[in-house]
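# Examination of the molecular architecture
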Amino acid sequence: MRIGTHGVIDMRILLIEDNETIGGAVRDHAAADGHAVDWARSLQEGRELLDVMSYGLVLLDLSLPDGDGVDLLRSLRARSVAVPVMIITARDQIGQRIDGLNAGADDYLVKPFDLDEMSARIHAVSRRSGGRSGPVFEREGLRIAPAERAILRDGVPVDLTAREWAVLDALLARPGAILTKPQLEDALYAFGAEIESNAVEVYVSRIRKKLGADRIATVRGIGYRLTG
């Protein structure tokens with residue numbers, strides 16, 4: 001795990017924003033803080049990414065080409081999806097802010113905003129929501145607490161790098177499910193970033209050495225899954 005330039009813990013962020021200028025500035029600033037940022041330009045694209053990826057935070061615009069971001073937020077909370085959501089919008093009326101927070105937003109930032117303030121708020125939301133970031137995984141001497149970034153193997157602490165955590169987080173988000181190599185590549189890097197052809201194999205191998213060779217199973221020709 002690495003601490004970014006504004007004191008923010010690195011994580012994967014989903015940005016849902018259709019304005020190219022604002023979206024580019026937010027993406028670049030968050031990336032400079034050390035975060036991996038996936039950028040969706042519509043609600044539909046955002047929903048598709050949320051279905052296949054695990055995020056530490058969603059930055060959500062409200063006025064999008066295919067609907068209102070509040071509807072997406074309400075649907076996430078109705079399905080008990082606890083990912084922290086920060087609304088970023090030009091809607092600045094008190095009633096609109098209250099509606100967004102009541103729908104389940106963790107914070108509400110009105111455009112135009114200072115990018116350093118955004119970084120500080122990301123930090124605050126991440127800190128407040130740390131206890132919700134995934135359940136503890138316990139199997140036969142292995143205990144993984146994603147929120148605390150803590151692992152015990154037979155009572156002995158295990159340290160993972162940030163990218164090893166990224167792969168493990170993706171597997172923990174869908175325990176027992178098979179994740180393909182492209183899905184795990186997406187967990188390692190922001191979309192569009194250059195990916196080494198053997199990156200997934202390298203990090204899976206490193207995790208196996210630390211947690212046990214039988215903790216991640218290879219499903220030949222398909223991908224990998226976390227085992228009990």
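The structure under discussion appears in the preceding block.
Residues numbered from 1 in each chain as written. Predicted model: local features only at pLDDT ≥ 70, side-chain atom pairs only at ≥ 80, totals over all residues. Heavy atoms only, no water.

## Thoughts on the overall build of the chain
Along its length, the chain carries 8 helices and 14 strands. In the chain, the share of contacts with a sequence separation of at least 24, taken over all contacts with a separation of at least 6, comes to 55%. Accessible area of the chain: about 11,100 Å², with a carbon and sulfur share of 50%. (Helix = DSSP H or I, 4+ residues; strand = E, 2+ residues; numbered from the N terminus. Contact = heavy atoms within 4.5 Å. Areas by Shrake-Rupley, 256 points an atom, 1.4 Å probe, with all protein chains shown as cover.)

## Thoughts on the sheet that holds strand E14 (residues 223–226)
The strands that make up a sheet pair up through hydrogen bonds in the backbone, lying either parallel or antiparallel. Pairing is antiparallel across the open sheet formed by 3 strands, whose spatial order is E12-E14-E13. Two strands lie at the open edges of the sheet, namely strand E12 (179–180) and strand E13 (216–219), each paired on one side alone. Pairing between E13 and E14: 4 bridges, direction antiparallel. Residue pairing across strands places Val 219 opposite Gly 223, the latter belonging to E14. Packing against the sheet, helix H6 (residues 162–173) makes contact with E12, E13 and E14, and its axis sits at approximately 70° to E14. Packing against the sheet, helix H8 (residues 199–211) makes contact with E13 and E14, and its axis sits at approximately 145° to E13. (Pairing = 2+ DSSP bridges. Axes fitted to C-alpha atoms, helices over the stretch in contact; angles between N-to-C directions.)

## Quick word on unusual backbone geometry
Residues Lys 111 and Pro 112 are joined by a peptide bond in cis, for which omega reads -10°. With respect to the element layout, Pro 112 can be found in the loop between strand E7 (107–110) and helix H5 (115–128). Of note in the backbone geometry, Ser 80 takes a positive phi value of approximately 60° without being a glycine. Looking at the secondary structure, you find Ser 80 in the loop between helix H3 (69–78) and strand E6 (85–89). Given the relative accessible area of 63%, Ser 80 is considered exposed. The residue Glu 140 is not glycine, and still its phi comes out positive at about 40°. (Buried < 20%, exposed > 50% of the residue type's maximum accessible area, 1.4 Å probe, protein only.)

## So, the environment of Leu 172
Along the chain, the position of Leu 172 falls in helix H6. Sequence-distant contacts of Leu 172, that is, excluding residues within four places in its chain, are made with Phe 137, Ile 144, Pro 146 and Leu 226.

## Digging into helix H2 (residues 43–52)
Those residues of H2 that fall on the buried side of the exposure criterion are Leu 43, Gly 46, Leu 49 and Leu 50. Projection of H2 onto a plane perpendicular to its axis shows the buried side chains occupying an angular sector of 125°, all on one side. If you follow the buried residues of H2, they end up packed against strand E1 (12–16), strand E2 (36–40), strand E3 (57–60), strand E4 (63–64), strand E5 (67–68) and H3. (Arc of directions from axis to C-beta.)

## Brief notes about the pattern of salt bridges
Scanning the model with the defined rule gives 13 salt bridges in all. For Glu 164, the salt bridge goes to Lys 210, with nearest N and O atoms at 2.8 Å. One end of the pair, Glu 164, is in helix H6; the other, Lys 210, is in helix H8, with 46 residues separating them in the sequence. The exposure class of Glu 164 is buried, given its relative accessible area of 2%. Using a relative accessible area of 29% as the deciding quantity, one classes Lys 210 as partly exposed. Salt bridges linked by common partners bring Glu 17, Asp 61 and Lys 111 together as one network. (Salt bridge = Lys/Arg side-chain N within 4 Å of Asp/Glu carboxyl O.)

## A few points about the packing of aromatic side chains
Inspection of the entire model under this criterion finds 0 aromatic pairs. Taking the ring centre of Trp 39 as reference, the NZ or CZ of Arg 41 above it sits at 3.6 Å. (Phe/Tyr/Trp six-rings, centres within 6.5 Å; stacked < 30°, edge-to-face > 60°. Lys NZ or Arg CZ within 6 Å of the ring centre and 35° of its normal.)

## Structural notes on the sheet that holds E7
Across the sheet, which stays open at both edges, the 5 strands sit in the order E2-E1-E3-E6-E7 with parallel pairing between neighbours. Two strands lie at the open edges of the sheet, namely E2 and E7, each paired on one side alone. Going across the sheet, the axis of each strand differs from the next one's by a mean of 20°, ignoring polarity. As paired elements, E1 and E2 share 5 bridges and run parallel to each other.

## Quick notes on the nonpolar core
One finds Ile 144, Ile 151 and Leu 168 to be the most contacted residues of the largest nonpolar core, which totals 48 residues. Core analysis: the second largest hydrophobic core is formed by 16 residues, Ala 30, Leu 57, Phe 113 and Met 118 among them. (Core = buried A, V, L, I, M, F, W, Y, C linked by side-chain atoms within 4.5 Å.)

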